Each structure stands twice: as structure tokens, then as C-alpha cells.
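Fold and contact review
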Amino acid sequence: MNRLDQAFAQFRAAGRRGLLPYITAGYPDCETTVEILARLDPAVCVAAEVGIPFSDPIADGPVIQTSFSRALAGGFRCDDLLAALRVGRGRIAVPVLAMVSYSIVYRRGPARFVRDAVAAGLDGLIVPDLAVEEAAELSDLCAASDCGLVLLVAPTTEPRRRAAIAALSRPFLYYQALAGVTGERSALPADLAAHVAELRGSTGKPICIGFGISTADHVAQVCEVADGAIVGSALVRRMNALVSAGAAGAAVAEAVAAGVEELARGLPAPRA
């Protein structure tokens, strides 16, 4: 068991639901990324996600795309992020996953990418554009390095394919609340609970829901049916506003911490 497996096992044993905050890595710099992660409470956050900036994102909406463009324009390099995490990992109490395009993994070489990620203290990878038919190699590499590999299921994914994705995804399954791209929404889909209930028939693994979740009320709704709520654009929007205003990294970290605290108000009491 790595930290990610342990955290989900502990949350499940205690009947708790958790947050999975998402931030853009290296934005406005890698030291701020570490500072944000160090502020996250492991009693509230079952894990955290760092999005690796990419010039051609597939599933990310305009808020996250803006942060990617700015991070890349500012000179973001994956090696700089990994170096910062290696130095600062001891300050971070929560498991950390990298959300990364397979194009980046492939360019570096899957074996090297996994090795470097684990050496830097990352506990898992989320690879949103990796098709299940092509995921066996990366799955094997991650398993050999005790690194989680999380795949996504969309509302439109047919049942047989859902089962195949669930079999490879570890330690949890990422369910998209809606088709399309990430971004804040005023309401969640009415059929969300039914889709998640159907998905539970394919797996006994924890299910975490992302896409469109932006308020404490949304977190409460999601946690009625799932094990965790993934929130990205609502937090990155705060980061964008402060970076636009020229704020220092400490102010960005404080704003994200405040946002996570607000979202945590939607977490339910532990279930027996």
C-alpha cells in the first residue's frame, strides 16, 4: 500500500468522504505548488491533484487552460516540479497525484516518467486521455512501482467499457459528472446518482466525482453517492485572479487554502 491506498482505506474504514482539490502545477511557480499542498488537511483531503500544464489540453475548460498557458509562458518544466516535490514532500501530509496527458508521459518514456514521479514523492497518476485499450503498459509500470493509476469514466461510457476501466484503475475510479470539459456549473446533473449507482455495480473500488463541482453544496450532493469530490476550476479561478493581480505566491496559497476550507463545509459527518 502506498499513501494513496492507505488514505482511501482509512477514509472508508471511518465512513468518511473526502475532498480531492486540484491545482495547476508550477503556477505561479513550483514553490507555491508545494506550499499549497503543505496547507492541505489530511482529515479533509483524501488526496490532492496537481495538473501538469500542457499546450493542448483535451478535457480542461477555459479556467484551467488559462492557468496552463500562463504556467508554460512562465517557463514551467516538469523537471522543476519534480525537484520541488522531492525537496518539499516531507511537508505534505496528503497523497498527491499528477493529472497528466499521456503525450507528456510518452515523450519522457513511460518507465522513466513513473520512476521519476515516484522518486519525487508522487503517489499516483491520472491520465485522462489514455484509452483503456492502450493502458496495459502504464498500468503494469505503475503497479511495479506501487504507484496508483486512475482512469476516467464518462456518463456516455458503455457498461462493458466501464468494467474494463474499473479493473485497471487504482485505487479509485474517476467519474465525470458530465460530458465535455471541466468548469464550474450552477447545478449537477439530475441523473448523477443513478449513473454512480450503476457504476458501483462494476467495481468495489472507491468512486470520486469531478467536473462541474464548485461549491460546498455540490460537495454535499456528490458525497451522498460517492467517496470523494474533485474540485478544480473553482480553485484555479482564485489562482488566476491573484496571478492577474500580480499577487505573491503566499497569497495564492492562502486563497486556495481558504477555498478548500469553504468546500469542506459540504463534507458529511462520518457514516457508521
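Presented here is an overview of the structure given in this document. (Residues numbered from 1 in each chain as written. Predicted model: local features only at pLDDT ≥ 70, side-chain atom pairs only at ≥ 80, totals over all residues. Heavy atoms only, no water.)

Next up on the list: the overall build of the protein. Within the protein one finds 12 helices and nine strands. Whereas a compact globule of 272 residues would reach a radius of gyration of roughly 19 Å, the protein reaches 17 Å, a difference of no more than 12%. Its C-alpha atoms put the protein at 45 × 40 × 35 Å along the principal axes. At a minimum sequence separation of 6, the contacts of the protein that also span at least 24 residues come to 74%. Just so you have it, the protein exposes about 11,000 Å², and 53% of that area is on carbon and sulfur atoms. (Helix = DSSP H or I, 4+ residues; strand = E, 2+ residues; numbered from the N terminus. Rg over C-alpha atoms; globule rule 2.2 N^0.38 Å. Contact = heavy atoms within 4.5 Å. Areas by Shrake-Rupley, 256 points an atom, 1.4 Å probe, with all protein chains shown as cover.)

Looking at the secondary structure, you find H218 in helix 10 (residues 216-223). A residue is classified by how much of its surface remains accessible, and H218, at 3% relative accessible area, is buried. One polar contact links the side chain of H218 to the main-chain amide nitrogen of S214, over a distance of 3.1 Å. (Buried < 20%, exposed > 50% of the residue type's maximum accessible area, 1.4 Å probe, protein only. Polar contact = N/O pair within 3.5 Å; in protein donor to acceptor, adjacent residues only side chain to side chain.)

A negative phi angle characterises most non-glycine residues, just as the trans form characterises most peptide bonds. With an omega of 0°, the peptide bond between Y27 and P28 qualifies as cis. Within the secondary structure layout, P28 lies in the loop between strand 1 (18-24) and helix 2 (30-38). Looking along the chain, the bond that leaves R170 and enters P171 is cis, with omega of 0°. Looking at the secondary structure, you find P171 in the loop between helix 8 (159-168) and strand 7 (173-176). Of note, the phi angle at D146 is positive, near 55°, even though the residue is not glycine. The residue D146 is located in the loop between helix 7 (136-144) and strand 5 (148-150) in this model. Positive phi is not limited to glycine here, since F211 has a value of about 80°.

End to end, helix 3 (residues 62-73) covers 16 Å across 12 residues, agreeing with the expected 16 Å (1.5 Å per residue, within 8%). Residues of helix 3 that are buried include every one of I64, S67, F68 and A71, and no others. Projected down its long axis, helix 3 shows its buried positions confined to an angular sector of 100°, all on one face. Opposite the packed face of helix 3, turned more than 90 degrees from it, sit the exposed residues P62 and A73. The inward-facing, buried residues of helix 3 contact strand 1, strand 2 (48-51) and helix 11 (233-244). One or two steps after helix 3, the chain reaches G75, where phi turns positive at roughly 95°. (Expected span 1.5 Å × (residues − 1). Arc of directions from axis to C-beta.)

Quick look at the packing of helix 2 against helix 4 (residues 78-88) now. Direction vectors running N to C along helix 2 and helix 4 enclose 40°, while the axes themselves pass 9 Å from each other. When the axes of helix 2 and helix 4 are compared, the pair comes out oblique. Note that helix 2 runs across helix 4; the crossing there is right-handed. Along the contact surface, helix 2 presents C30, T33, V34 and L37, while helix 4 presents D80, L81, A84, L85 and G88. (Axes fitted to C-alpha atoms, helices over the stretch in contact; angles between N-to-C directions. Parallel < 35°, antiparallel > 145°, perpendicular 65-115°, else oblique. Left-handed = near helix turned anticlockwise from the far one by under 90°.)

Below, the discussion takes up the sheet that holds strand 7. Read from one edge of the open sheet, nine strands run 5-4-3-2-1-9-8-7-6, paired in parallel fashion. The sheet is open, and its two borders are formed by strand 5 and strand 6 (152-153), each paired with just one other strand. The sheet contact formed by strand 1 and strand 9 (residues 228-231) spans four bridges and is parallel. In the sheet register, G18 faces strand 9, and the bridge partner there is G228. Packing against the sheet, helix 10 makes contact with strand 1, strand 8 (207-210) and strand 9, and its axis sits at approximately 145° to strand 9. (Pairing = 2+ DSSP bridges.)

In short, geometric facts, not functional conclusions.
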